[in-house]
Amino acid sequence: MKTWSTILPAVLFAGSAWAQGVYDKMGPDMGAGLRNVAKAEKTHWAKGVVKSVNVEKGEAMISHEAVQSLGWPAMTMSFRVRDRALLGKFTPGKKVEFELAKQGQGYVVVGAR
């Protein structure tokens, strides 16, 4: 009769081998997505009006409404835009919804619609 001390390692090895096989079949893109789930950054959405854009610095001055998720009151701030391709969505006078993420001691714009 086999004891748990001989059966358990075999069961655990078979389970981990099966999981590795599934992971391998997913391909590099899907596997990378699963590995990065825990690294997803917390973001916050805000609404405001673009006051100015500084393309050279990659920044936009925005007069935004209160941001409840951050406990911020309405104010006008200059935000660095992480991806300069987003700067095309910011033109002075335009109403925007923008997504913020913490970076260092401040917040940067990571999305806009």
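Residues numbered from 1 in each chain as written. Predicted model: local features only at pLDDT ≥ 70, side-chain atom pairs only at ≥ 80, totals over all residues. Heavy atoms only, no water.

**Let's talk about the pairing of strand β3 (residues 75–81)**
For clarity, the threshold we go by: Paired strands are those between which DSSP finds at least two bridges. Strands are runs of DSSP state E lasting at least two residues, helices are runs of H or I lasting at least four, and both sets are numbered from the N terminus onward.
Pairing of strand β2 (residues 59–64) with β3 involves six bridges; the strand directions are antiparallel. Pairing of M61 across the sheet is with S78, part of β3. Here two bridges tie β3 to strand β5 (residues 106–112), and the two strands are oriented parallel to one another. Residue R80 lies in a different strand from β5, and its bridge partner there is V108.

**Observations concerning the nonpolar core**
In globular proteins that are soluble, nonpolar side chains generally tend to be buried together. Quick reminder of the rule: Buried Ala, Val, Leu, Ile, Met, Phe, Trp, Tyr and Cys residues form a nonpolar core when they are joined through side-chain atoms within 4.5 Å. Per-residue accessibility, obtained with a 1.4 Å probe over protein chains only, is compared with the maximum for each type, and a residue is labelled buried under 20%, exposed over 50%, and partly exposed between these values. Contacts are assigned to residue pairs with any non-hydrogen atoms lying within 4.5 Å of each other.
Ranked by internal contacts, the top residues of the largest apolar core, which has 17 residues, are F79, F90, F98, L100 and V109. Looking at this core element by element, the count peaks at three residues for strand β4 (residues 95–103). Leave out the neighbours within four places in its chain, and F79 touches G58, E59, A60, I62, H64, W72, F98, L100, Y107 and V109.

**What to know about the pattern of salt bridges**
The line we're drawing: Put simply, a salt bridge is a Lys or Arg side-chain nitrogen that is within 4 Å of an Asp or Glu carboxyl oxygen.
Across all of its chains, the model carries two salt bridges by this definition. Notably, a salt bridge pairs E41 with R82, separated by 2.9 Å at the nearest N-O pair. Placement of E41 in the loop between α1 (4–36) and β1 (43–54) and of R82 in the loop between β3 and β4 is noted, with a sequence separation of 41 residues between them. Relative accessible area serves as the criterion here: at 40%, E41 is assigned to the partly exposed category. Note on R82: relative accessible area 36%, which makes it partly exposed.

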